[in-house]
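What follows is each chain in one-letter form.
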Amino acid sequence: MRKQFLEAWSKMITKLVSWLDGLIINLPNIVIALIVFISVLFISKYVNKITLRILDKGKLQKSMKNVIAKLMAMITVLVGLILILGILDLSKTLNTILAGAGVAGLAVGLALQGALANTYSGIILSYIKFVKLGDWIKSNDYEGEIVNIDLRAVTLKQVDNNLVYIPNKQVVENPIKNYSRTSQSRVILNCGVGYESDLDFVKQLAVKTITNHFDSVESESEVIFLYKEFGDSSINFELRYWINSTSGLEVAKSKTEAIIQLKNAFDKNNINIPFPIRTLNIPDMKLGDTMLTLAK
């Protein structure tokens, strides 16, 4: 037993000595590799800054510029690591790492198909000129201002100040309604008046009210007034006009003001805005008939 222990100890000492000899022989390469590694870290920071300066001249989204700059910095570090492995004479290790990375990359790609699809869609969105930060859009039944576009999702801020995160893939594959591509937005207001109303007078009064209370409406001809249908309790109409804003919040505020002004104008002129009611006509019946009906 003692002999076996001494033999194992001797082999361990021999192995340690060989490692120490290899370390001393490769010490210059290790020092050079360390210097290269530190240099690559500093160079990657400058690559990040330079990439951002170059991209600032383009029309990409700010978030995408940051992502591209970080990717360039990571590529710089990766090239430095390959140089370090070459300096340390670890080319075989490099081949093993690359082979393993290929297999691992295939597995990761299959597992992350959804994430990769969102990443690809995010890159596409960064190049689309008609969708940018600050635009008010409607997509996938959500409406709001674009506050961020990254490689995962588009972030919308709604009228109530809530944030909605829509995956990039869904935004690319579904229709996008952009309210900010023009300098104006259209306000559409629906209402109804009683059947006893003078329809010509209602139309003139509504158009005049909107024209007098909104600076963006310069003349009555810019207000569109359309009677739509004979409703159950009212004759319904639709009123349209433009405001000098592309914000959904400003559209909602303008619509609120229009409702207030139209209600005041209708009240002053005794124009009724009816609400659905149900009238029950009960014929006169004698007490005996009533009792007989109840008995049946």
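Residues numbered from 1 in each chain as written. Predicted model: local features only at pLDDT ≥ 70, side-chain atom pairs only at ≥ 80, totals over all residues. Heavy atoms only, no water.

**Student:** Please explain the UniProt feature "transmembrane region" (unreviewed entry) in the protein chain as it appears in this structure.
**Tutor:** As annotated by UniProt and renumbered to match this structure, "transmembrane region" (unreviewed entry) occupies residues 23–47, 67–88 and 94–116. The distance from the first to the last C-alpha atom of residues 67–88 is 32 Å, and the span holds 95% helix and 0% strand. (UniProt positions renumbered as here; feature names shortened; annotations may be inferred. Helix = DSSP H or I, 4+ residues; strand = E, 2+ residues; numbered from the N terminus.)

**Student:** Can you help me understand the pattern of salt bridges in this one?
**Tutor:** Should their charged atoms come close, side chains of opposite charge can pair. Within this structure, the stated rule accounts for four salt bridges. With a closest N to O distance of 3.9 Å, Glu-250 and Lys-253 form a salt bridge. In this pair, Glu-250 and Lys-253 both sit in helix H8 (residues 248–268), three residues apart, roughly one turn of the helix. With its nearest N and O atoms 2.6 Å apart, the salt bridge here joins Asp-267 to Lys-263. One end of the pair, Asp-267, and the other, Lys-263, are both in helix H8, four residues apart, so they sit about a helical turn from each other. Looking at Asp-267, the relative accessible area reads 42%, which means it is partly exposed. Put simply, Lys-228, Glu-238 and Arg-240 are held in one network by salt bridges that share partners. (Salt bridge = Lys/Arg side-chain N within 4 Å of Asp/Glu carboxyl O. Buried < 20%, exposed > 50% of the residue type's maximum accessible area, 1.4 Å probe, protein only.)

**Student:** Would you explain unusual backbone geometry in this entry?
**Tutor:** Excluding glycine, residues mostly have negative phi values, and the peptide bonds linking residues are mostly trans. For Asp-141, which is not glycine, the phi torsion reads 70° and is therefore positive. Turning to its location among the elements, Asp-141 is positioned in the loop between strand E1 (136–139) and strand E2 (142–149). In this structure Asp-141 comes out as exposed when scored by relative accessible area, which is 74%.

**Student:** Is there a simple way to think about the sheet that holds strand E3 (residues 153–157) in this case?
**Tutor:** Paired through backbone hydrogen bonds, the strands of a sheet run either parallel or antiparallel to each other. Spatial strand order, E4-E3-E2-E1-E5: five strands in an open sheet with antiparallel pairing. A single partner strand is all that each edge strand has here, and the edge strands are strand E4 (163–167) and strand E5 (176–178). With strand direction ignored, the average angle separating the axes of adjacent strands in the sheet is 40°. Here E1 runs beside E2; their pairing, made up of four bridges, is antiparallel. For Lys-138, the partnering residue across the bridge sits in E2 and is Glu-143. (Pairing = 2+ DSSP bridges. Axes fitted to C-alpha atoms, helices over the stretch in contact; angles between N-to-C directions.)

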